Each structure stands twice: as structure tokens, then as C-alpha cells.
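# Chain and residue survey
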Amino acid sequence: MKGSWIFLIYTGLVCASSLYHNQTSSPLLLVLASLGYALTHIRSVHTFIPAQLVVQLSLLVALHAASLSDWCFPLYLLHMCKLFYGTAPFRYAFSANAALMLAYALISMAGRPFSWSTLIEVVFTAGTCLLLAFMFRKYIYDIEQQKQLLTKEKKHLSTHDSLTGLYNFQEFHKQMEQLVKQKEPVILVLIDCKDLKSLNTTNGFQGVNKILRQAAELLRIMFPDALLICRYGGDEFAIVLRSDDMQETVNAVTQLLASEFPKLTGIEINFGMACYSRDGVNKDDLIVVAEHGLYMMKRESWLKREEHMLRSEKLRVVGELASGMAHEIRNPLTTIKGFLQLSKAGDYNIEPWYELIMDEINRMSMLTAEFLQFSKPHVTQYKIQSIQGCIYRVLSLLDSETTRLGHQVRFEHDDRDIQMLMDQDKMLQLLLNLVKNAFEAMPEQGVVRIRLFAAGPDAVIEISDTGKGIPESELDKIFIPFYTTKDSGTGLGLSICHKIVQDHEGTIEVESVPDEGTKFTITLPTSGTNDLIEPYESSACTTISV
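The numbers attached to residues start from 1 for each chain and follow its sequence in the written order. Local features in this predicted model are restricted to residues whose pLDDT is 70 or higher, and side-chain atom pairs enter the listing and the counts only when it is 80 or higher, whereas totals over whole chains, interfaces and linings include all residues. Values reported for side chains reflect all heavy atoms of the structure, with hydrogen atoms and water molecules removed beforehand.

### Some remarks on the nonpolar core
Of all hydrophobic cores here, the largest spans 41 residues; its most connected members are Ile387, Ile450 and Ile461. Per-element tally for this core: the top contributor is helix H14 (residues 424–440), with 9 residues. Any pair of residues with heavy atoms lying within 4.5 Å of one another is described as a contacting pair. Once residues within four sequence positions are removed from consideration, Ile450 is found in contact with Ile391, Leu395, Val409, Arg410, Phe411, Glu412, Val435, Ile461, Glu462 and Ile463. Each nonpolar core is a collection of buried residues, namely Ala, Val, Leu, Ile, Met, Phe, Trp, Tyr and Cys, held together in the definition by side-chain atoms within 4.5 Å. Partly exposed residues are those whose accessible area sits between 20% and 50% of the maximum for their type, while under 20% is buried and over 50% is exposed, using a 1.4 Å probe and protein chains only. Judged by nonpolar contacts, the second largest core, of 29 residues, contains Leu163, Ala216, Leu219 and Val253. Counting from the N terminus, the helices are the DSSP runs of H or I reaching at least four residues and the strands are the DSSP runs of E reaching at least two.

### Focus on the environment of Phe411
Inspection of the secondary structure puts Phe411 in strand E6 (residues 408–414). For the pair formed by Phe411 and Gln388, sequence separation is 23 residues and the distance between their alpha carbons is 9.5 Å.

### Comments concerning the packing of helix H5 (residues 90–110) against helix H6 (residues 116–159)
At their nearest, the axes of H5 and H6 sit 10 Å apart, and the two run at 155° to each other. Judged by the inter-axis angle, H5 sits roughly antiparallel to H6. The chirality of how H5 crosses H6 is right-handed. Within the contact between the two elements, H5 uses Phe90, Phe94, Asn97, Ala98, Met101, Tyr104, Ala105, Ser108 and Met109 and H6 uses Thr118, Leu119, Val122, Thr125, Ala126, Cys129, Leu130, Phe134 and Arg137. Classes in brief: Ala, Val, Leu, Ile, Met, Phe, Trp, Tyr, Cys and Pro nonpolar; Asp, Glu, Lys and Arg charged; the others, Gly included, polar. For the contact of H5 with H6, the residue count by class is 13 nonpolar, 4 polar and 1 charged. Only the contacting stretch of a helix is used when fitting its axis, a line to C-alpha atoms as for every element, and angles between N-to-C directions run 0 to 180 degrees. We call two directions roughly parallel when the angle between them is under 35 degrees, roughly antiparallel when it is over 145, roughly perpendicular when it lies between 65 and 115, and oblique otherwise. Rotating anticlockwise by less than a right angle from the far helix to the near helix defines a left-handed crossing, while the corresponding clockwise rotation defines a right-handed one.

### So, the packing of aromatic side chains
Side-chain rings of Phe, Tyr and Trp, where Trp is taken by its six-membered ring, are said to pair if the distance between their centres is within 6.5 Å; with planes under 30 degrees apart they count as stacked, over 60 as edge-to-face, and otherwise as tilted. A full pass over the atoms with the stated rule returns 3 aromatic pairs. Pairing Tyr392 with Phe411 gives two aromatic rings, centres 5.4 Å apart and planes at 80°, and the pair type is edge-to-face. One end of the pair, Tyr392, is in helix H12 (residues 387–397); the other, Phe411, is in strand E6, with 19 residues separating them in the sequence. When its relative accessible area of 22% is taken as the criterion, Tyr392 is described as partly exposed. Judged by relative accessible area, Phe411 falls into the buried class, the value being 0%.

### Describing the pairing of strand E11 (residues 517–525)
Paired strands, as defined in this entry, are two strands with at least two bridges between them according to DSSP. Bridge count between strand E9 (residues 458–464) and E11: 7 bridges; the pairing is antiparallel. Within the sheet, the bridge partner assigned to Ser464 lies in E11 and is Lys519. Alignment of strand E10 (residues 507–513) against E11, held across 7 bridges, turns out to be antiparallel. Across the sheet, the residue bridging to Val510 is Phe520, located in E11. If you look at the hairpin formed by E10 and E11, you'll find 3 residues sitting between the two strands, and Asp515 has a positive phi there, around 70°.

### Let's talk about the pattern of salt bridges
Salt bridge, as applied in this entry: a Lys or Arg side-chain nitrogen positioned within 4 Å of an Asp or Glu carboxyl oxygen. For the structure on display, the rule yields 12 salt bridges. With a shortest N-O distance of 2.8 Å, Glu184 and Arg242 are connected by a salt bridge. Of this pair, Glu184 sits in the loop between helix H7 (169–181) and strand E1 (186–193) while Arg242 sits in strand E3 (residues 236–242); the two residues are 58 residues apart in sequence, bridging distant segments of the chain. Glu184 gets classed as partly exposed once you look at its relative accessible area, which sits at 22%. The shortest N-O distance in the salt bridge between Lys499 and Asp503 comes to 3.5 Å.

Next comes the structure, spelled out in C-alpha cells:
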């Protein structure tokens, strides 16, 4: 009875108005027509049924003829709109509405004296009613079309990716489940675009979106017979293919994705595949196998990239070392060549330049030896030994040079004998280089302070001087091979020190204040057996001056 109440109300109003104004010639017929018409609306059906429609329209005409009231006009208009709104075909609805308006016009004319103005008025009213009903149908039709369009668009957005137009993640799982249930031989391919996220910094997200759209369109072209193509994630795609010959299909897909796809898009990809029913008989098993294959290909690609980067870094370092070595050797060779050319041109005795030539030759030998020591792998002899012992050995080796230069060396340490796993020869070389550098940094008599103490599981060695210091702009360069500010230096001393510290899994840091001095801080891991060793000194803190 939904919506029928309005028909019942108007029917009662028409009947009451006609009886009240004595417009009807047969009150009994009016009442019967009203009751019959009302009963057809109590159990009204909205679908198109010709018999019910004929009965309702016939009773409406009978009601109008019995009442002779213009109040029936809204009932005609409601019926016409209902016919156009319902599911009846347009030609039937239009024919029924035209017949209804013809009946309205005839009954209206029968109840009035004939005149042309009355005829025009009735015809105008009937035509206007028909036009209004038609406009109502067009309006409802447009609304329905818009509704269907929105419903279709909503369904498309809920199942497709808005950027690429492919199926989205949820729809992929739904359709994949249905394909597996059909038990057809299919191959699942998961694709991951490499380094696509890094392109955001160079191309911007709009550029990356364009690449994703191009990749999606290319997948449609390359796999026109695919059962399913979807955007599986941010830069991942999934393809499902029917396969009668599994191995042939796998080879064809591998060729397309490994070779053709990167050529056409300019981006490298990783991919993994899973075959039904070889790798699984349900959706989840196939996805796990395909993701594992994708992960293994990613891992292999990452390892190759790391290997390439390591090789490139090695080549870069070798190139820098070779360039520095060539530059350093070229200088003494130029000097020797010049002396020999002068001697030959003037028939001079080479003896006056003998010392200079030998100095240059010795400098080349020293440079070559240090370069080999820096770059050539060497056999190390690691043993647990005392750091204090190494420092005492350094002090004894430098005793004569310290006295000759007039410097002082002060060694401060606590009463624990700190032990570590070390190559003693390399540790001696490290300490000797740093102390000698401190001597060279002090043009006048100065003090070199060596301080040793434990800091948790590490041992810390501080070597400071009172020299002229290192400018702040040069602090970052002092460990670079062949970088030196000395006239006779090779630039490999501190690089060798840095390498020795690294070989012992330690760190070396430098602090410097111009005209006040420089301090090197070396942190090295201890052996963890320090509490079991007899201390060298019995006092809480011992200072040794040389």
C-alpha cells in the first residue's frame, strides 16, 4: 500500500465534493465506482500488469463520469506519472496516457455546454497534463541514468586501482580465489619495480605515477590473454596466466619480463612465479611461493649491486692511490733527470749532485715501501699482550731522539696492566708514527703527553703535543693517502696509522687548536682478561718522563 494513500484521499475528496455539490446524477454509481477504484489501490502492485492497469484506469474513468468533478484531474496526473515511472515499456505507457487524456477530455466536454473556448481549455489541460507526465518521465529517467552511472563508477572504484586502472589488491584476491577453485592450470607472476621509490627525488611523484601508468599499459599489451592483471602494491603488479604448457609459458614470461619490459620502460624489475598445481593448490600457497621467488630475486639483485659498488669503490681507491703514487714518484724522477741532462749537456762530473740524486732515490724507495705496506695484505701475528709494554718499548726506541731534540715525553697510566689482542709490530709502528709526528709539529722544545686508561671494555690512548696545531680546514684530510703539509713527507704515515687502528677494530680521532697543540685519541677493544694480570705499577697513577 506504499504510496496508495494519496489515491485513496483524492478518491474520497472527489466523491464527497460531487455529492455535496449535487454534481452527480447517480450517487449510488458514484459510491460504487469510488469504492471499486479505492480497492484496486489497497493491494497495488508496482510492476507492469496490463489487467490491473486496465481495471484501475477503467474505474478512474467511471469515477470521473459519475462525479463530473474537475477534482479528478490530480488522479489522472498521478496515474500518468506512475505509468511513466513504472517498469512498463515507454510505448505502452505513452499509449495508455494518451487514451487516458482522451477519456478525460471527452468526459469533461460531456459535462459542459459545448463551446470552442471550453474545447480549447479541455484540450489545453489534457495536453499540458500529458506534457508534464512526459517531463516527469524524462526527469526520472535522467536520475536513474545518473544513479546507474554512479553505481557503476562506485563498483569500478571499489575493484580497480584509480591510478593504473588495473584491478586492486582486494579484487585480485577475490578473483584469484575463484580461479583456483576452478582448478585450471594457471601461473601467478608477482612483479616488483626496482628503485622506483628513489625516482621520487628526481622525477617527483607525478613522474613516478606516469611511469606506473606506462608500466600498467605495457603489461596489458604484453599479456593480452591474461586472466587477471592487477596492481598488487605501491610498485608491485600481479599477473595470472592460463598455461597449457607450463615450462613454455614460464620461459616466455621470463624472456618478456627480464629483457623486453626493462627495454621499453627503462626500469629494472624483480619477479617471482608460482604454478598451479605444482607449487600449490590454493591461493595462499601460490602467493607464498611467488613472493619467495620475488624475494630471492631481490636478494640476488641486491648482492650483485653491492658487489658492483664494492668493485667500483676498490677501483676508485686504486685509481686515487695510483694517481698519488705517480705524482709523488714523478717529482724525484724529474729532479734526477734534470741533473743527468745537465751533466750530459755540459760534460760535467756528476759528483757534485751525487748526494741530491741519492736523496731523491732514497725518497722514492721509502715512498714505494710505505705504499706497499699500506696497500699489500700482510700476515699479522695477533696475540694478547700488554699495551703498557708497547708504550714502554716506544719510549725506549725514541729515547735518543727525544734527548737530541730537547723534547719531553710524559707517560701517564693507572695501575692496571691493560691487555688486548694485537699485532705488536703494527702497534709499535702506530705509536712511533704518532709520537714522531708530534716531534715534527713542535719546532721548539715541547712536551708530548701519552695517557693510557680504561673506559669500560675499551682501552683509550691519548697522544698530545704542544706544537703549532692543525688548521680546522685540514683536519678532515689528514688521513687521506698522499695528503701532507710537510715538504719531505709522503702523506702515507697517518693513512697507515688509520689502517692499523681499523685492523684492530678500533677508532682514531683528532682534536687540534692552532698554536696550542694536537691530540690523537685511539680507542681499542681490550681482551677482557685485565683483572687477571699483574699490574706493572703499584701506585694508583704513574707518570713516566723521558
